[in-house]
Amino acid sequence: MSRRVVVTGVGLVSPLGIGTSATWEALCGGRSGIGPITKFDPTGYAARIAGEVSGFDPLAFIARKDVKKMDVFIQYAIAAADFARTDAQLEVTPDLAPRVGVYIASGIGGFSTIEREHHALIKGGPRKISPFFIPAAIINLAAGQVSIRLGAKGPNSATCTACSASAHAVGDAFETILRGDADVMVAGGSEAAITPMGVGGFAAMRALSTRNDEPTRACRPFDRERDGFIIGEGAGVIILEERGRALERGAPVYAELVGYGMSADAHHVTAPAEDGDGALRVMRAAIAQAGVAPDQVGYINAHGTSTPFNDRIETLAIKRCFGEHAHRLAVSSTKSMTGHLLGAAGGVEAGIMALTMREQIMPPTINLENPDPDCDLDYVPHVKRPASMEYALSNSFGFGGTNASLLFRRHHA
């Protein structure tokens with residue numbers, strides 16, 4: 001009998017709030033989480049705005065003695081995983097533990113820890129480097145720490161594929177359950193790269209918006225006046241579960257995950273192919289795995305970064321993939337409110353998609369005031385929209401031309 005995979009828990013830590021309900025409420029209200037950078041003094045930086053997580057207290061989730069052993073991205077991941085596990089009403093018993101895995105991604109990992117320890121080295125020499133430096137900073141320790149806390153002894157891994165990383169983690173976790181290697185997967189991603197080097201590096205590439213004087217209006221996917229993405233931080237973790245097991249234990253079910261696509265542009269380090277080939281093929285792959293027709297898809301949570309190239313080329317890829325149906329389906333970018341969470345984006349957006357399918361509400365694209373003539377689809381501007389969706393896609397595209405697409409289906413008991 002073929003196995004099916006459902007989402008039974010969602011945990012979000014985002015610039016819109018700490019906790020899933022806070023983030024969802026802000027999304028539905030069309031509220032921006034973008035503001036001036038406070039984590040360091042951005043004077044002299046071209047970009048001085050970001051989507052910061054405000055009011056996060058690691059002691060609400062982690063023992064005081066352990067906080068200093070973890071970079072902020074690990075702390076965010078633990079919090080999101082705690083929210084997701086509680087939401088799913090999941091207890092990892094000794095009997096279940098070998099069948100529970102953890103895939104949590106990051107694009108950059110412990111950037112603030114690396115910067116801090118490098119400063120200690122330069123100032124005081126190698127003896128000043130913390131013994132916690134390496135396990136606090138390396139990317140797989142988010143998954144490692146979560147698995148230790150949960151007692152999850154199944155498959156454990158961490159993808160690092162730039163801005164597609166946590167979508168790949170969710171997709172890989174989905175396939176792990178499909179092939180029978182686990183029954184439950186804790187999957188998603190975390191990022192905390194709002195640091196002097198993080199912001200400075202992306203600004204040096206001219207990738208970031210410099211609309212510093214109006215931060216809440218700066219992220220404007222598909223708008224003619226978009227000028228770059230806004231860096232964000234946070235974590236998104238979902239609980240994926242074999243459907244039969246989830247129903248047997250009476251777990252809450254948000255949606256079913258039915259398709260996963262991967263592709264490479266094989267074109268350029270940072271720019272997508274002009275014809276949208278990689279994005280086209282990754283959407284087709286997710287749809288094909290599910291065995292559905294393109295015109296059955298009713299909504300897309302776009303990668304939608306608010307950069308000149310991405311939004312235009314993603315729009316083209318959607319039109320190539322869906323043909324005339326592209327003008328009947330809805331597309332929105334929740335990054336217009338969260339900013340771009342880099343390696344955590346796909347995990348946060350997978351959680352948003354689970355809520356979208358359960359609530360049958362499409363979050364809006366805010367700040368779409370002057371539509372780009374090349375971006376001519378229905379982007380759900382300004383306000384949320386009730387809908388009746390059977391299938392919906394979530395897109396994630398990363399530097400190096402690495403792409404992921406996840407197809408969700410409305411769950412029917």
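One numbering rule holds for all chains: residues counted from 1, following each sequence as written. Only residues with pLDDT of 70 or above have their local features reported here, since the model is predicted, and side-chain atom pairs are shown and tallied only from 80 upward, although totals for entire chains, interfaces and linings are computed over all residues. Values reported for side chains reflect all heavy atoms of the structure, with hydrogen atoms and water molecules removed beforehand.

Caption draft 1: Looking closely at the overall build of the protein chain. Counting from the N terminus, the helices are DSSP H or I runs at least four residues long and the strands are E runs at least two residues long. The helix and strand inventory of the protein chain stands at 13 helices and 15 strands. The C-alpha atoms of the protein chain give a radius of gyration of 20 Å, which matches the 22 Å a tight globule of 413 residues would have. Considering only C-alpha atoms, the protein chain reaches an extent of 65 × 55 × 40 Å along its principal axes. With a 1.4 Å probe rolled over the protein chains alone, any residue whose accessible area is under 20% of its type maximum counts as buried; one over 50% counts as exposed, and the rest are partly exposed. The buried share among the 413 residues of the protein chain stands at 60%. In what follows, residue pairs with any heavy atoms lying within 4.5 Å of each other are defined as contacts. Sequence-distant contacts, at least 24 apart, represent 79% of the contacts inside the protein chain between residues at least 6 apart. Under the convention used here, a 1.4 Å probe and the Shrake-Rupley method define accessible areas, while residue burial counts only the protein chains that appear. In the structure as shown, the protein chain presents an accessible area of about 15400 Å², 53% of it carried by carbon and sulfur atoms. In this tally, Lys and Arg are treated as positive and Asp and Glu as negative; His is ignored, and so are the chain termini. A single reference atom marks each charge: NZ on Lys, CZ on Arg, CG on Asp, CD on Glu. Averaging the coordinates of the 39 positive side-chain charges in the protein chain and doing the same for the 43 negative ones gives two points 4 Å apart. This radius of gyration counts C-alpha atoms alone. The globule rule is 2.2 Å times how many residues there are, raised to the power 0.38.

Caption draft 2: Expanded view of the pattern of salt bridges. The salt bridge criterion pairs a side-chain nitrogen of Lys or Arg with a carboxyl oxygen of Asp or Glu, the two atoms within 4 Å. Counted under the stated rule, the structure contains 25 salt bridges. Residue D66 is joined to K69 by a salt bridge in which the shortest nitrogen-to-oxygen separation is 3.5 Å. The salt bridge partner of R358 is E359, with a shortest N-O separation of 2.8 Å. On the accessibility criterion, R358 (42% relative accessible area) is partly exposed. Where salt bridges share partners, they join R211, E214, R217, R220, D223 and E369 into one cluster.

Caption draft 3: Examining the layout of surface pockets more closely. A cavity, in this analysis, means grid points on a 1 Å lattice covering only the protein atoms where a 1.4 Å probe fits yet has no way out; a pocket is instead an open set bounded by protein on both sides within 12 Å along at least five of seven lines, and a residue lines either one if it has an atom within 4 Å of a point. Grid points are joined across faces, edges and corners, and a volume is the space filled by probe spheres set on the points. When its volume is computed, the largest pocket comes out at roughly 530 Å³. Contributing to the lining of the largest pocket are 32 residues, with T270, P272, T307, N310 and F399 lying nearest its centre. Within the residue set of the lining of the largest pocket, elements represented by two or more residues are α10 (277-290), α11 (308-322) and β14 (391-398). Considering every element that reaches the lining of the largest pocket, the biggest residue donor is α11, with five residues. Tallied by class, the residues present in the lining of the largest pocket amount to 15 nonpolar, 12 polar and five charged. Each residue is assigned to one of three groups, with Ala, Val, Leu, Ile, Met, Phe, Trp, Tyr, Cys and Pro labelled nonpolar, Asp, Glu, Lys and Arg labelled charged, and all others, Gly among them, labelled polar.

Caption draft 4: Here's a closer look at the packing of helix α7 (residues 165-178) against helix α13 (residues 345-359). Note on definitions: angles span 0 to 180 degrees between N-to-C directions of axes, and those axes are lines fitted to C-alpha atoms, for helices only across the stretch in contact. Relative orientation of the contacting elements α7 and α13 amounts to 60 degrees, with a least axis distance of 5 Å. With respect to α13, the element α7 is oriented oblique. Of α13, the residues touching α7 (which contributes S166, A167 and V170) are A345, G346, G347 and A350. Should an angle fall under 35 degrees it is called roughly parallel, over 145 degrees roughly antiparallel, and 65 to 115 degrees roughly perpendicular, with every other angle called oblique.

Caption draft 5: Main features of the state of the cysteines. In this description, a disulfide is simply a cysteine sulfur pair whose atoms lie within 2.5 Å. Summed over all chains, the structure comprises zero disulfides. Just so you know, C219 is unpaired, no disulfide at all, and the nearest cysteine sulfur is the one on C163, 13 Å from it. Cysteine C321 shares no disulfide, and the gap to the nearest cysteine sulfur, in C375, comes to 17 Å. Accessibility expressed as a relative area gives 9% for C321, which makes it buried.

Caption draft 6: Quick look at the packing of aromatic side chains. Pairing of aromatic side chains here covers Phe, Tyr and the six-membered ring of Trp, requires ring centres within 6.5 Å, and sorts the geometry by plane angle: under 30 degrees stacked, over 60 edge-to-face, intermediate tilted. Across all of its chains, the model carries seven aromatic pairs by this definition. Ring geometry for F56 versus F61: centroids 5.6 Å apart, planes at 10 degrees, classification stacked. Take F56: its relative accessible area is 16%, and that puts it in the buried class. Note on F61: relative accessible area 15%, which makes it buried. An aromatic cluster is defined as three or more aromatic residues linked by ring pairs; in this entry it consists of F56, F61, Y76 and F83.

Scope: geometric values only; no functional claims are made or implied.
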